[in-house]
Amino acid sequence: MPPSTTHTHPTPWYRRYPGLIVLVVTVSLSTLVLALAHFVVPIVLGLLGGGCSSGEQAVLEEFPHYTDQRLRPYSAEVSCNVRYTVSASRNEVLGHYDEQLYENGWKVGGYWAATPPQGIEVFGGKLADLAEAPEEGVRAGLEARRDDYSYVVEYYPPGSPAASAEASDEEAMVIVGVTKGPVAGGKVK
């Protein structure tokens, strides 16, 4: 019998290693999904005011802010915030929040005014306690609690670095933050 003259083609690599193709496709898709989750999701959530829980957003919208304008919440590291600029004094802004928080069942825990590099640190149980701290260049705020939520208002006076970044020389910046969950020591007061 004569030797066979038919030539057989070798099996293509992709048929010899179907598991390799599945592995490469799986790893590629997984990498794509992780990249989307890492880069795209935070951008979309930020545009939609996401990252804030519905409870935190409800607290921020519970009563009008000092400017009585519609503000878009944004998520910070551990809180849901709004910020705006305003032409008003520290007492006007903090007084507004003090009144609104009290009327809505919040317990204001204290007031503060501080500029540590200048050695100015004033803490008190009443807004009037801040009178001894100069207003110019000294940031101030208040902190309140209700149930599992913490409410913080920070006032940055005109000309301060934080206010200057987003406001005119005559405007102050106000940042309001709401956090749900444990606070110092892991317990909600």
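This structure is a prediction, so every number in the text was calculated from the model and none was measured.

Let us now look at the overall build of the protein chain. In terms of helices and strands, the protein chain carries five helices and seven strands. Secondary structure elements of the protein chain, listed N to C terminal, follow the sequence α-α-α-β-β-α-β-β-β-β-α-β. Of all 189 residues assigned to the protein chain, the portion counted as buried reaches 33%. Considering only contacts in the protein chain between residues 6 or more positions apart, those separated by 24 or more positions represent 54%. On the protein chain, roughly 12000 Å² of surface is accessible, and the fraction owed to carbon and sulfur atoms is 58%.

This part is about the environment of Ala 58. Mapping Ala 58 onto the fold places it in helix 3 (residues 54-60). Owing to a relative accessible area of 45%, Ala 58 belongs among the partly exposed residues under this scheme. Distance in space between the C-alpha atoms of Ala 58 and Val 178 is 9.9 Å, their sequence separation being 120 residues.

To continue, consider unusual backbone geometry. In the Ramachandran plot, Asp 147 falls in the positive-phi region, its phi being about 50 degrees despite a non-glycine side chain. By the secondary structure assignment, Asp 147 is in the loop between strand 5 (139-146) and strand 6 (149-156).

In this section: the pairing of strand 6. With respect to burial, strand 6 is a largely interior element, six of its eight residues being buried. Across seven bridges, strand 5 lies against strand 6 in antiparallel orientation. Residue pairing for strand 6: Leu 142 is matched across the bridge by Val 153. In this antiparallel pair of consecutive strands, strand 5 and strand 6, the connection spans two residues, and Asp 147 shows a positive phi of 50 degrees.

On to the layout of surface pockets. In this structure, the largest pocket occupies an estimated 150 Å³ of space. Together, Ser 79, Asn 81, Glu 143, Arg 145, Ser 150, Val 152, Glu 154, Ile 175, Gly 177, Val 178 and Thr 179 line the largest pocket. Breaking the lining of the largest pocket down by element, the ones donating at least two residues are strand 5, strand 6 and strand 7 (172-180). Tallying contributions element by element places strand 7 first for the lining of the largest pocket, with four residues.

For soluble globular proteins, the rule of thumb is that nonpolar side chains tend to be buried together. In this structure, Tyr 97, Tyr 151 and Val 174 are the most contacted members of the largest nonpolar core, which totals 34 residues. Among the secondary structure elements, those contributing two or more residues to this core are helix 3, strand 2 (80-86), helix 4 (90-103), strand 3 (107-115), strand 4 (120-124), strand 5, strand 6 and strand 7.

The subject of this paragraph is the state of the cysteines. Applying the stated criterion across every chain, the model contains one disulfide. Across the disulfide from Cys 52 sits Cys 80; the S-S distance is 2.1 Å. Here Cys 52 and Cys 80 share a disulfide; its torsion about the S-S bond, 95 degrees, makes the bridge right-handed. With Cys 52 in the loop between helix 2 (18-48) and helix 3 and Cys 80 in strand 2, the pair connects residues that are 28 residues apart, well separated along the chain. Classification of Cys 80 as buried rests on a relative accessible area of 0%.

Calculation notes
- Residues numbered from 1 in each chain as written.
- Predicted model: local features only at pLDDT ≥ 70, side-chain atom pairs only at ≥ 80, totals over all residues.
- Heavy atoms only, no water.
- Helix = DSSP H or I, 4+ residues; strand = E, 2+ residues; numbered from the N terminus.
- Buried < 20%, exposed > 50% of the residue type's maximum accessible area, 1.4 Å probe, protein only.
- Contact = heavy atoms within 4.5 Å.
- Areas by Shrake-Rupley, 256 points an atom, 1.4 Å probe, with all protein chains shown as cover.
- Pairing = 2+ DSSP bridges.
- 1 Å grid on protein atoms, 1.4 Å probe; cavity = no way out; pocket = protein on both sides within 12 Å on 5 of 7 lines; lining within 4 Å.
- Points joined across faces, edges and corners; volume = space filled by probe spheres on them.
- Core = buried A, V, L, I, M, F, W, Y, C linked by side-chain atoms within 4.5 Å.
- Disulfide = S-S within 2.5 Å.

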